[in-house]
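# Structure at a glance
Below are the chains, spelled out letter by letter.
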Amino acid sequence: MLNKEKIYITGHRHPDTDSIASAIAYAKLKQRQGFHAIACRLGPVNAETEYLLERFHMDLPMLFEDARATLDEIEIDGPLAISPQTTIMETLELMSEQNKQSYGVINAQGKLMGMVTKSDLATVGLGDTAVAIQLLQETPPEYIAKTVSGKMIYMDKAYHFNGKTSVIAIAETKLNNYELQDRLVIVGNDSEAQEAAIRKGAGILVAVWTEHIEDSVIALAKEYHCPIILSGHGTMNTSRYLFFSPPVKLLMKTDLVSFNKNEFVDEVGKKMLKSRYRSYPVIDDENHLIGYVSRYHILNQHNKKVILVDHNEYAQSVKSIEKADLLEVVDHHRVCDISTNRPISFRNEIIGSTASIITSIYLENQMSIPKDIAGLLLGAILSDTLKFKSPTTTAKDKGLARMLAEIAELDIDVFAKEMFKVSSNISNKTPRELLNQDIKKFEIDGRTVMISQVIAYQVSEAKEIEDTLQSEMVKFAQEKGLDLLVVAFTSILENGSVFYAAGDIADVVAEAFPNHFEEEHSFQEDILSRKNQIVPLLSRAIINSVH
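None of these values were measured; they are calculated from a predicted model.

A few words now on the sheet that holds strand β18 (residues 439–444). Taken in spatial order, the 5 strands of this open sheet run β18-β19-β20-β21-β22, and their pairing is mixed. Both edges of this open sheet fall to β18 and β22 (524–525), since each of them pairs with a single strand only. As paired strands, strand β21 (residues 496–502) and β22 are joined by 2 bridges and run antiparallel to one another. Note on β22: the bridge partner recorded for G496 is E525. Across the face of the sheet, helix α18 (residues 466–480) comes into contact with β18, β19 (447–456), β20 (484–491) and β21 while running at roughly 50° to β21.

Right, dumping it as structure tokens:
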């Protein structure tokens, strides 16, 4: 049985192929185990990853922007609503039937116009009579007829009604002592009294205890522009119910506290503390009513469930990861600052690629690896190990890669050449695009450092753009508030890298990777791995420069 609760599986920011492939492959594994797992990404993918996704017919993972839950992602009450023309009586009946204390009022397009609560409706019966009179004055006679379960005998568009009501009790003085001008008059089955009320200027005539109105009365009503209603109730209930005939649009609140479905649950909870409503309407960007949220929903919501692959530190993870329900970490980098309030599965191996770990998990679970997943995982291993030339490469990486190549029916040498041809093409990218395509952030001895690695066919390609690159690096470092920005151009063919730097401590790069005599940006042979070579050497240089 499928567990419906979503699990978001994500790699690091500025995702590389290993990060994306591992998220996709692990999500597929979890889905086969019965979980609602979703592969995610924390930014745009690079050309190499895009090539592999297209080659193996994989969808681009979901963009995961924040680990906090939004209202759209938690259980809320449904969008029960009423129209502006719904009468107070009808609304009270709905509230009783559906055990609701309030309703949103929506137009024909489903857009929220206002809210009406049971306490709003209570003011009609319990509040100042001036309020009820004003509401009745603006209520069409058809609404009154409907509310008293009556029948509209005659309607006149030129009717005149001031909202006041008179109940006629015939005495020996007849109607001489009644002021009926523009009033709603409730009268019995006495046609003589009905005619007298009309002549005295009644605005609306409501007849009770009768099933028929004389033609002479109707003729007089036409002359005096007085609508006639035949009530379905007696005098007492007619007089009671007619005050519940106004449509809710006349008393709904339009100054609402509402929330957009994309607002974060924790922020909504804080805003709720500033008001005391039972529930709040939830709308979309076009003001359509989505449902209702209450404090109950906020208190009972669960954080997003997240699995991290290919990283284990806050600076490289999704925004607000510290507020998520972290389930697992699968990684091959240094153990950093991710912490949890309960035990989790934490798998960290000394290996060249997270994709190798994911492949191992498939095997450990005796789960077959589909051909397309095998190709994607193979591409990730070759990418992260630089086709086994990186010092992080292990015998296990190589063995798993050979197995995946067999499943995917690929020749490793041919496949790697095709893949790196895509990733090493830097001619059609701007310096800013090159900076962002594979960049990671580090905190080293209190310094904020970002390291970008660009795979090039030959490192000499960097020489052609170094002026514009250096200018863009200075801007980038200032924008991000970095102490150091490093760009490594790495050539697998030449088995080495060249380095460019910007920031207040840019000089430490030359200490970590010394230039040859009278050279700048010298070629650093055998320096390929950001994780095992570049970061450790830079860290040592930064620490030595400070101390």
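In this structure's numbering, the residues bearing the UniProt feature "domain: CBS" (unreviewed entry) are residues 75–131 and 252–309. For the annotated span residues 252–309, helix accounts for 24% and strand for 31% of the residues, and the straight-line distance between the end C-alpha atoms is 51 Å.

As a further point, take unusual backbone geometry. Residues other than glycine seldom take positive phi values, yet H14 does so here, at roughly 50°. Position of H14 among the secondary structure elements: in the loop between β1 (3–13) and α1 (17–32). Residue H14 is classed as partly exposed on the basis of its relative accessible area of 25%. The backbone phi angle of N287 is positive, close to 70°, even though this residue is not glycine. Its place among the elements puts N287 in the loop between β13 (279–283) and β14 (289–294).

Once that is clear, we can look at the packing of aromatic side chains. Under the counting rule described, the total for this entry stands at 6 aromatic pairs. A centroid spacing of 5.8 Å and a plane angle of 80° characterise the contact between Y277 and Y280, whose relative ring orientation is edge-to-face. Judged by its relative accessible area of 39%, Y277 is partly exposed. With centroids separated by 4.0 Å and ring planes inclined at 5°, the aromatic side chains of F499 and F513 adopt a geometry described as stacked. Taken together, the positions of F499 in strand β21 and F513 in the loop between α19 (508–512) and β22 put the pair 14 residues apart, joining distant regions of the chain. You'll find F499 and F513 in the same group, each marked buried.

So, how was this worked out
Residues numbered from 1 in each chain as written. Predicted model: local features only at pLDDT ≥ 70, side-chain atom pairs only at ≥ 80, totals over all residues. Heavy atoms only, no water. Pairing = 2+ DSSP bridges. Helix = DSSP H or I, 4+ residues; strand = E, 2+ residues; numbered from the N terminus. Contact = heavy atoms within 4.5 Å. Axes fitted to C-alpha atoms, helices over the stretch in contact; angles between N-to-C directions. UniProt positions renumbered as here; feature names shortened; annotations may be inferred. Buried < 20%, exposed > 50% of the residue type's maximum accessible area, 1.4 Å probe, protein only. Phe/Tyr/Trp six-rings, centres within 6.5 Å; stacked < 30°, edge-to-face > 60°.

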